Amino acid sequence: MRILDIREKAVPVASAMRNAAFDFGEMTSSVVAVVTDRVVEGRPVVGFAFNSTGRYACGAPMRARFIPRLLAAAPDSLLDDEGVIDPERTLAVMLKREKPGGDAERSVPVGTIETALWDAAAKARGLPLHALLARRYGVGTPATRVQCYVGGGWYRPGEGVAELQEELRRHRGDGYRMVKIKVGGLPVAEDQRRIEGALAVLGDPSCLAVDANGAFDRERALAYAAMLAPYGLRWFEEPAPPHDYALYAEVAAAYGPALGTGENLYAPQDLRNIIRFGGLRPDRDVLQVDPPQAFGLATFAGMVAEAERDGFSRSQVFPHGGNQMSLAAVGGLGLGGCESYPGVFGAFAGYADDARVEDGWLKLPDRPGIGFEGQAALFAVMRDLVPELA
Ligand code: MG
């Protein structure tokens, strides 16, 4: 199996939403295609990925460093014992001549290419990616379905508590049980009214999480911790800037229920540090690293294993992303669940067109690879990169 070409294009993510930290008005994503010489059932094996949600397209470093390194490597050096591309080996090649530290500058381009290589490696075997990941990094019996919650409750111009409640009723009607809503985009008292309004619809506080998107300073983080604690919500996400470990530790000391963080941590050292110095509690807190943004699935699997050694359970890992890449990780590694963003982030949101959530559970897909072929609008964007598939 040989890599013939790796292609990238930046695609706008049309979205008018805002969280406590920023709006998505200029957001883009890098779509990547890895073209191989392997043919399965008469069609060339092509691996696809995109750089998940919330980080801009990153084609320049891909084209300047990571793609040329892979294409220059001896093809056999990238293969496993069965002659199929081994993403762990490609990772070592992409990271050659990279200075330690500064990981966010490269973890997204490297992780997106690495994820596309997993798609190709699974397709070469005719396996769904979650099945290949389960074989490589899983524990116990592989999952057939995973828990799936909605990351919603965004701030939209002109919308208030009534519109939020209408949104939550829609999610419940679509089969979801748990929903996460934004906090921090309004004064504390107004956000508290949103939470009361959400609980009036959802009932059980363990079905509601809140997300501050790392926007709070010390004063606001502690004010929200005090306001939120009595509700006993499922989790309070990113109560502090992602690398402010001291503030995390202070919030954790003041806030009894679960905290969540990790979508803006891009290296194993970052996760290690927030666990060691951020006061995270292995018996309850939730870890949310986004695989394609953090050097890819092999690195992510290593981070999960390390958190497990620190006392966290796999059921406390809910990777960020709300897409089929994180779904494969959740299913393959036996994690807590995945996120979903119905109706936002355009073609980049969500799962296969025929996927259905029932009573909070999403069945794992059986298409080979990640299964982007089952998402018509997204796959049309991806296929544009590969005229030979037409
Ligand atoms: Mg978040």
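Residues numbered from 1 in each chain as written. Predicted model: local features only at pLDDT ≥ 70, side-chain atom pairs only at ≥ 80, totals over all residues. Heavy atoms only, no water.

*Asks:* Sorry if this is basic, but what is going on with the overall build of the protein here?
*Replies:* Of the regular secondary structure elements, the protein holds 12 helices and 12 strands. Against the compact-globule benchmark of 21 Å for 390 residues, the protein has a radius of gyration of 20 Å, which places it among compact chains. Along the longest, intermediate and shortest principal axes, the C-alpha atoms of the protein span 60 × 40 × 40 Å. The buried share of the protein, reckoned over its 390 residues, is 58%. Working note: accessible area of the protein is about 14900 Å², and carbon and sulfur atoms make up 51% of it. Within the protein, the 50 negative side-chain charges are centred at a point lying 3 Å from the centre of the 42 positive side-chain charges. (Helix = DSSP H or I, 4+ residues; strand = E, 2+ residues; numbered from the N terminus. Rg over C-alpha atoms; globule rule 2.2 N^0.38 Å. Buried < 20%, exposed > 50% of the residue type's maximum accessible area, 1.4 Å probe, protein only. Areas by Shrake-Rupley, 256 points an atom, 1.4 Å probe, with all protein chains shown as cover. Lys, Arg positive; Asp, Glu negative; His and termini not counted. Charge placed at Lys NZ, Arg CZ, Asp CG, Glu CD.)

*Asks:* Help me out: how do you make sense of the packing of aromatic side chains in this one?
*Replies:* The geometry of an aromatic ring pair comes down to the distance between the two centres and the angle between the two planes. As enumerated under the stated definition, the model contains 9 aromatic pairs in all. Within the aromatic cluster, the residues linked to one another by ring pairs are Phe-50, Phe-348 and Phe-372. Positioned above the aromatic ring of Trp-361 is the side chain of Arg-145, whose terminal nitrogen or guanidinium carbon lies 3.9 Å from the ring centre. The side chain of Lys-182 reaches across the aromatic face of Trp-154, ending 4.4 Å from its centre. (Phe/Tyr/Trp six-rings, centres within 6.5 Å; stacked < 30°, edge-to-face > 60°. Lys NZ or Arg CZ within 6 Å of the ring centre and 35° of its normal.)

*Asks:* Whenever I open this one, the coordination of the magnesium ion confuses me. Can you help?
*Replies:* Geometry reference: four tetrahedral donors at a metal, ideal angle 109.5 degrees. Six octahedral donors, ideal angles 90 or 180 degrees. The protein atoms donating to the magnesium ion are Asp-211 (OD), Glu-237 (OE) and Glu-263 (OE), with metal-donor distances spanning 2.0 to 2.2 Å. Every donor residue of the magnesium ion comes from the same chain, spaced as D-x25-E-x25-E. Taken as a pair, Asp-211 in strand 6 (residues 208-211) and Glu-263 in the loop between strand 8 (259-261) and helix 9 (268-277) lie far apart in primary sequence, 52 residues in all. You can call Glu-263 buried: its relative accessible area is 10%. (Donors = N, O, S within 2.8 Å, 3.2 Å for Na, K, Ca; no water.)

*Asks:* Sorry if this is basic, but what is going on with the domain arrangement of the protein here?
*Replies:* When the parts of a complex come together, some accessible area is lost, and that lost area is often used as the size of the interface. According to the domain assignment, the protein consists of domain 1 (3-126 + 377-389) and domain 2 (136-372). Listed per partner, the contact involves 44 residues of domain 1 and 40 residues of domain 2. Counting the surface domain 1 buries against domain 2, the share from its top three residues, Met-17, Arg-18 and Thr-53, is 18%. Taken together, the connections running from domain 1 to domain 2 amount to 2 salt bridges. Taking the shortest distance from any N to any O, the salt bridge between Glu-88 and Arg-136 comes out at 3.5 Å. Counting the contacts that link domain 1 with domain 2 gives 15 residue pairs in polar contact (both at pLDDT 80 or more). Broken down by secondary-structure element, the contributors of at least two residues to the side of domain 1 that touches domain 2 are strand 1 (3-12), strand 2 (28-40), strand 3 (43-50), helix 2 (87-94), helix 3 (104-124) and helix 12 (376-383). For the side of domain 1 that touches domain 2, the element with the highest residue contribution is helix 3, accounting for 13 residues. Of the residues assigned to the side of domain 1 that touches domain 2, the class counts are 24 nonpolar, 11 polar and 9 charged. (Domains from an automatic or database assignment. Contact = heavy atoms within 4.5 Å. Buried area = accessible area lost by both parts, 1.4 Å probe. Salt bridge = Lys/Arg side-chain N within 4 Å of Asp/Glu carboxyl O. Polar contact = N/O pair within 3.5 Å; in protein donor to acceptor, adjacent residues only side chain to side chain. Nonpolar A, V, L, I, M, F, W, Y, C, P; charged D, E, K, R; others polar.)

*Asks:* Would you mind going over the pattern of salt bridges with me for this structure?
*Replies:* Oppositely charged side chains may form a pair once their charged atoms are brought near each other. Going through the model one piece at a time under the given rule, you end up with 29 salt bridges. One salt bridge in this structure joins Arg-65 and Glu-105, with 3.1 Å as the shortest N-O distance. Here the residue Arg-65 occupies a position in helix 1 (residues 59-72), and Glu-105 occupies one in helix 3, the gap between them amounting to 40 residues. Measuring nitrogen to oxygen at the nearest pair gives 3.1 Å for the salt bridge that ties Arg-314 to Glu-308. A relative accessible area of 10% places Arg-314 in the buried class.

*Asks:* What am I meant to see in empty space enclosed by the protein here?
*Replies:* Empty space among the atoms becomes apparent when a probe as large as a water molecule is rolled across them. Counted under the stated rule, the structure contains 4 cavities of 30 Å³ or more. Within this model, the largest cavity holds a volume of roughly 50 Å³. Taken together, Leu-271, Leu-287, Gln-288, Val-289, Phe-300, Met-303, Val-304, Ala-307 and Val-317 form the lining of the largest cavity. The biggest single contributor to the lining of the largest cavity is helix 10 (residues 297-309), with 4 residues. (1 Å grid on protein atoms, 1.4 Å probe; cavity = no way out; pocket = protein on both sides within 12 Å on 5 of 7 lines; lining within 4 Å. Points joined across faces, edges and corners; volume = space filled by probe spheres on them.)

*Asks:* Would you explain the nonpolar core in this entry?
*Replies:* Ile-113, Ile-195 and Phe-236 are the most contacted members of the largest nonpolar core, which totals 127 residues. Here the element with the most residues in this core is helix 3; it accounts for 10 residues. Mapping this core onto the domain boundaries places at least three of its residues in each of domain 1 (3-126 + 377-389) and domain 2 (136-372). In contact with Phe-236, not counting residues within four places along its chain, are Val-183, Val-210, Ala-212, Phe-216, Ala-221, Tyr-224, Ala-225, Leu-228, Tyr-255, Ala-258, Leu-259 and Gly-260. (Core = buried A, V, L, I, M, F, W, Y, C linked by side-chain atoms within 4.5 Å.)

*Asks:* Any chance you could explain the packing of helix 1 against helix 2 here in plain terms?
*Replies:* For any two helices packed against each other, the geometry comes down to the angle between their axes and how far apart the axes lie. It is at 9 Å that the axes of helix 1 and helix 2 come closest, and there the two elements cross at 120 degrees. The orientation of helix 1 with respect to helix 2, classified from their angle, is oblique. Judged by the twist between their axes, the crossing of helix 1 over helix 2 is right-handed. Residues Phe-66, Arg-69 and Leu-70 of helix 1 form the contact with helix 2, whose own contacting residues are Thr-90, Val-93 and Met-94. (Axes fitted to C-alpha atoms, helices over the stretch in contact; angles between N-to-C directions. Parallel < 35°, antiparallel > 145°, perpendicular 65-115°, else oblique. Left-handed = near helix turned anticlockwise from the far one by under 90°.)

*Asks:* Explanation requested: the sheet that holds strand 2 in the structure shown.
*Replies:* One key point about sheets: their strands pair by backbone hydrogen bonds, in either a parallel or an antiparallel sense. With antiparallel pairing, the 3 strands of this open sheet are ordered in space as 1-2-3. The open sheet has two edge strands, strand 1 and strand 3, and neither has a second partner. Between one strand axis and the next, the sheet turns by 25 degrees as a mean value, whatever way the strands run. Both strand 2 and strand 3 contribute to a ladder of 7 bridges, which runs antiparallel. (Pairing = 2+ DSSP bridges.)

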